[in-house]
Amino acid sequence: MRKVYMDHGSASPVDARVLEAIMPYFDMDVGNPSSLHSAGRKAKRELEAARTAVAKLIGAPSSNSIIFTSCATESNNLALRGAALRYKDKGNHIITTSIEHMSVMNTLKDLQRSGFEVTYIPVDKDGLVDAERIKKAITDKTILISVMYANGEIGTIQPIREIGAIASDKKIMFHVDGTAAVGKVPVNVEEERIDLLTISSNDMNGPKGAGALYIKQGVRLIPFMLGGGQEFGMRSGSENIPGIVGMGKAADIAGKEMITEGARLIKMRDRLIDNILKLEYTYLTGHRTKRLPNNASFRFSFIEGESIILQLNDMGITASTGSACSSKTLEPSHVLIATGLRHEEAHGSLLLTLGRSNSEEDVDYVIKSVPEIVTRLRALSPLYPAK
Ligand code: PMP
């Protein structure tokens, strides 16, 4: 049976070139960058080279504005909590959208419990947020705006440049969760006026256990990991050198290959979309064109996403339903609900996320398998009108 992995949004294979680059740092080059001996100095050089590679990928003017963390969740926590606590004397109001990742949603909920006020700007049926609505929500108490660059579940890319201009004009801190976007589409913190940017290693074929936060020079955060003062005092703890070296290599590769790889993925994505949408009672979720190159997401009426995933799994295809990161719960995805879907509509979702390992033959196999499964499941569904 053919094996097709189309769940890159949940977890991605580490690129072979990345794997090769990081191996020596597990058992041979094991110095701690804080040590003075030559092994320590080598680790420090590698740490700084990775910082430079990540800075270059996002157009950051200085590598010193990159802080390595353990994952995107940690970066989101540090950005939001760190900025809210640092600037609380200026105001207590934060603006975000209704489709952020849970690492943003739950951090903001926690801040609400300690007195911050959060405005959740709704999105339209394609998951797009209107920059003007953000502008209108700003008050003299607003200290922070947080909007994701792209949504990993429905693929929609937000008007970050427009929101960045508004935030910068009003001198309000602008955090962007770039997890699903950085390395897939060009992101430039200077041009888009981003003050804080969350970056994930695994989402660009780097190893898990590494992430980063871009902190614009001059912005101050209150750190929550206290200790030896590593990462400019923003994130104490001995640096994960293999993870960081891997993230640097992944950033380097993404920077060089993003445009050609993006075009290859878009071709496969559009073939998935055009063919799967031929099925009746089948709808695209997210925006048709303002969308991540690797994301093809759908909903099918009258059937459950979980059943689709399990049947695809039996045919060798790995895919997701609902929010890849929180599908432990059987609650419908808050993202799909925010786009105006009813619970029963949101339950029938399928998320295919492409990556470097996929080929046109994989797409052929998925295009053939999905209709078979959907037809079979609908034949069993009491809700299906054609029964
Ligand atoms: N933000 C977004 C937009 C995501 O899609 C994810 C999940 N990949 C995260 C944050 C959290 O990433 P992680 O679980 O690697 O911390």
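This is a predicted model, so every value here is computed, not measured. Note on numbering: residues in each chain are counted from 1, in written sequence order. Selection of residues for local features in this predicted model requires a pLDDT of at least 70, selection of side-chain atom pairs for listing and counting requires 80 or more, and totals for whole chains, interfaces and linings are taken over all residues. Note that water and hydrogens are dropped before the side-chain values are worked out from all heavy atoms of the structure.

Focus on a positive patch on the surface
Logical step 1: Each patch groups residues whose relative accessible area exceeds 30% and which form no salt bridge, using 9 Å between like charges and 5 Å between nonpolar side chains of Val, Leu, Ile, Met, Phe, Trp and Tyr. Here, Shrake-Rupley sampling with a 1.4 Å probe gives the accessible areas, and only protein chains in the shown set may cover a residue. A carboxyl oxygen of Asp or Glu within 4 Å of a side-chain nitrogen of Lys or Arg is what we treat as a salt bridge. We treat Lys and Arg as the positive residues and Asp and Glu as the negative residues; His and chain ends play no part in the count. Taken as the charge centre is NZ of Lys, CZ of Arg, CG of Asp or CD of Glu, depending on the residue. Side chains of R133, K135, K136 and K170 sit close together on the surface and give a patch of like positive charge.
Logical step 2: A run of DSSP states H or I qualifies as a helix once it reaches four residues; a run of E qualifies as a strand once it reaches two. Both are numbered from the N-terminal end. The residue R133 is located in helix α6 (residues 131-137) in this model.
Logical step 3: Each residue's exposure class comes from its accessible area (1.4 Å probe, protein chains only) as a fraction of the maximum for that residue type: buried when under 20%, exposed when over 50%, partly exposed otherwise. A residue is classified by how much of its surface remains accessible, and R133, at 45% relative accessible area, is partly exposed.

Topic: the domain arrangement of the protein chain
Logical step 1: As far as domains go, the protein chain holds domain 1 (4-12 + 258-380) and domain 2 (16-254).
Logical step 2: Here the C-alpha centroids of domain 1 and domain 2 sit 27 Å apart.
Logical step 3: What makes two residues a contact is simply this: any of their non-hydrogen atoms within 4.5 Å. Taken together, the contact pairs 27 residues of domain 1 with 35 residues of domain 2.
Logical step 4: When domain 1 packs against domain 2, close to 2500 Å² is buried across both sides, 58% of that on carbon and sulfur atoms.
Logical step 5: Buried area counts how much accessible surface, traced with a 1.4 Å probe, disappears from two parts once they are put together, with both parts' losses summed. Interface area lost by domain 1 to domain 2 is led by M258, L292 and R356, which between them contribute 28%.
Logical step 6: Whenever a nitrogen or oxygen atom comes within 3.5 Å of another N or O atom, the pair is scored as a polar contact, on the condition that within protein one atom can donate a hydrogen and the other can accept it, and that pairs from neighbouring residues in sequence are kept only if both atoms are in side chains. Viewed at the interface, domain 2 and domain 1 are joined by 10 residue pairs in polar contact (both at pLDDT 80 or more).
Logical step 7: When contributions to the side of domain 1 that touches domain 2 are tallied by element, the ones reaching two or more residues are α8 (241-276), β10 (295-300), α10 (334-338) and β12 (349-353).
Logical step 8: Here the residues of the side of domain 1 that touches domain 2 are counted per class, giving 10 nonpolar, 14 polar and 3 charged. Segmentation of the chain into domains, including their bounds, is taken from an automatic or database domain assignment. When residues are grouped by polarity, Ala, Val, Leu, Ile, Met, Phe, Trp, Tyr, Cys and Pro land in nonpolar, Asp, Glu, Lys and Arg in charged, and all others, Gly among them, in polar.

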